[in-house]
Structure formats: C-alpha cells, structure tokens
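# What the coordinates show
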Amino acid sequence: MEQQNAAGAPAKRPAFLTVLCILSFVAQGFAIIGYIGVIALMGAASVVVDAADDALGAMNDSLGGTMSMENEMSEAISAAGPSMGMTWAYIVIGFVCVLVSLFAVIKMWKLQKIGFFLYTGASVVSMIMGVVYSGFSVVAVVVPVAFIVMYGLNLKAMK
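Residues numbered from 1 in each chain as written. Predicted model: local features only at pLDDT ≥ 70, side-chain atom pairs only at ≥ 80, totals over all residues. Heavy atoms only, no water.

## Some details on the overall build of the protein chain
- Helix and strand content of the protein chain: five helices and zero strands.
- Within the span of the protein chain, comprising 159 residues, buried residues form 26% of the whole.
- Within the protein chain, counting contacts between residues at least 6 apart in sequence, those at least 24 apart form 72% of the total.
- Carbon and sulfur atoms provide 73% of the accessible area of the protein chain, an area that totals close to 9600 Å². (Helix = DSSP H or I, 4+ residues; strand = E, 2+ residues; numbered from the N terminus. Buried < 20%, exposed > 50% of the residue type's maximum accessible area, 1.4 Å probe, protein only. Contact = heavy atoms within 4.5 Å. Areas by Shrake-Rupley, 256 points an atom, 1.4 Å probe, with all protein chains shown as cover.)

## Observations regarding a nonpolar patch on the surface
- Nonpolar side chains collect at one region of the surface, where Phe16, Val145, Val149 and Leu153 lie side by side and expose about 350 Å² of accessible area between them.
- With respect to the helices, strands and loops of the structure, Leu153 is situated in the segment after helix H5 (138-152). (Patch = residues over 30% accessible without salt bridge, like charges linked within 9 Å, V, L, I, M, F, W, Y side chains within 5 Å. Salt bridge = Lys/Arg side-chain N within 4 Å of Asp/Glu carboxyl O.)

## Comments concerning unusual backbone geometry
- Despite not being glycine, Leu111 shows a phi value in the positive range, around 65°.
- By the element assignment, Leu111 lies in the loop between helix H3 (84-109) and helix H4 (114-134).

## Let's talk about the packing of aromatic side chains
- This model, assessed by the stated rule, comprises six aromatic pairs.
- Judged by centre distance (5.8 Å) and plane angle (50°), the ring pair of Tyr35 and Phe95 falls under tilted. Remark: Phe95 occurs in helix H3 and Tyr35 occurs in helix H1 (residues 15-62); sequence separation between them is 60 residues.
- Seen from their ring centres, Tyr119 and Tyr151 are 5.0 Å apart, and the 70° between their planes marks the pair as edge-to-face. Within this pair, whereas Tyr119 is found in helix H4, its partner Tyr151 is found in helix H5, the two being separated by 32 residues in sequence. In this pair, the class of Tyr119 matches that of Tyr151, namely buried.
- Taken together, the ring pairs in this structure connect Tyr119, Phe147 and Tyr151 into an aromatic cluster.
- Lying across the ring of Trp109, Arg13 places its NZ or CZ 3.7 Å from the centre. (Phe/Tyr/Trp six-rings, centres within 6.5 Å; stacked < 30°, edge-to-face > 60°. Lys NZ or Arg CZ within 6 Å of the ring centre and 35° of its normal.)

## Quick word on the packing of H3 against H4
- Remark: H3 packs on H4, axes separated minimally by 8 Å, with the N-to-C direction vectors making an angle of 160°. Considered as vectors, H3 and H4 are oriented roughly antiparallel to each other. Between H3 and H4 lies a crossing whose hand is left-handed. Here Met86, Thr87, Tyr90, Ile93, Cys97, Val100, Ser101, Phe103, Ala104, Val105, Lys107 and Met108 of H3 lie close against H4, whose contacting residues are Ile114, Gly115, Phe116, Leu118, Tyr119, Ala122, Val125, Ser126, Met129, Gly130, Val132 and Tyr133.
- Its residues assigned to classes, the contact of H3 with H4 shows 18 nonpolar, five polar and one charged. (Axes fitted to C-alpha atoms, helices over the stretch in contact; angles between N-to-C directions. Parallel < 35°, antiparallel > 145°, perpendicular 65-115°, else oblique. Left-handed = near helix turned anticlockwise from the far one by under 90°. Nonpolar A, V, L, I, M, F, W, Y, C, P; charged D, E, K, R; others polar.)

## So, H3
- The first and last C-alpha atoms of H3 sit 37 Å apart over 26 residues, in line with the 38 Å expected at 1.5 Å per residue.
- Residues Thr87, Ile91, Gly94, Cys97, Val98, Ser101, Ala104, Val105 and Met108 constitute the buried set of H3.
- Residue Leu111 follows H3 closely and has a positive phi angle near 65°. (Expected span 1.5 Å × (residues − 1).)

## What about the environment of Val145?
- Here Val145 lies in helix H5.
- Separated by 21 residues in the primary sequence, Val145 and Val124 have C-alpha atoms spaced 8.6 Å apart.

Written out as structure tokens, the structure is:
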C-alpha cells in the first residue's frame, strides 16, 4: 500500500533516502551473491575434507592401524581455524541478516518506518557476528553505523 500525505497525494520519497536505498539494494545484491558462493565453496570444502579424512583412515588401516595420521590431520584442521559448525552458523546467520536487511530496505523504500528498525536489528546482529567470528574491524562497524544514522535522518519521511 502506498503511503499518502495529509492532502491525500502519494508521499514523496526524499532523494537522500532514495540514494541510500539504491546503495543498500546494490550492497544486499552483492552480499546475496557472495553468500551463495560461500555456501557452494563450503559444501565443496566439506566434501574434500571428508574425502581426505577417509583416505587417511584407509591408509592407516592398511598399515596396520599403527599410524596416528588421521588424528594428526584432524587436529591440524581443527587448529587451523574455527570449527565447521561455527563457520556454518556464521554463514547462516549472516545470510539471514542480509535477507532481513533487504526486506527492511524494501520497507523503507515504501516509506514504512518498521524497515528502519528491522535494518538496525539486522545490522547490529551482523556486526556482533563479525566481531565474534573474525574480530573487530573498523570498516565492518563504521559503515553499518553510518547507514543506520543516515537512514535515521530520514525517519521523519517514513510512516
């Protein structure tokens, strides 16, 4: 449903809000493409790791089971970075945040104030996940906060 002003005419979206929404649409589009690529790569990496683990197990069995290569390989993989479960959780939560952000931007494009609150929530969750998973990054915090502030400046145009 299109928003209307007091005179009954359709409400006009401020140019600044239009620009912010377009920038957000582009960013969310790239993020969705990126997450789809990461999901595909993680699936392929899982297959490779499982195949290597199986091959090491078979080699260990053929040598009489005296080697601990399988255990050493598992330890090396787990020491190299976060667990596979943590990585998948980050990917799923990040992808959901991107989808919620896209939905929120669509709401703000339609001049609905609820979009601002959804966008803020998704951005905060995304920032927290980024800090938990990969540590603090100035850019990963400053850019979302800047967009939240800029969208906040347009709240008076939303109903």
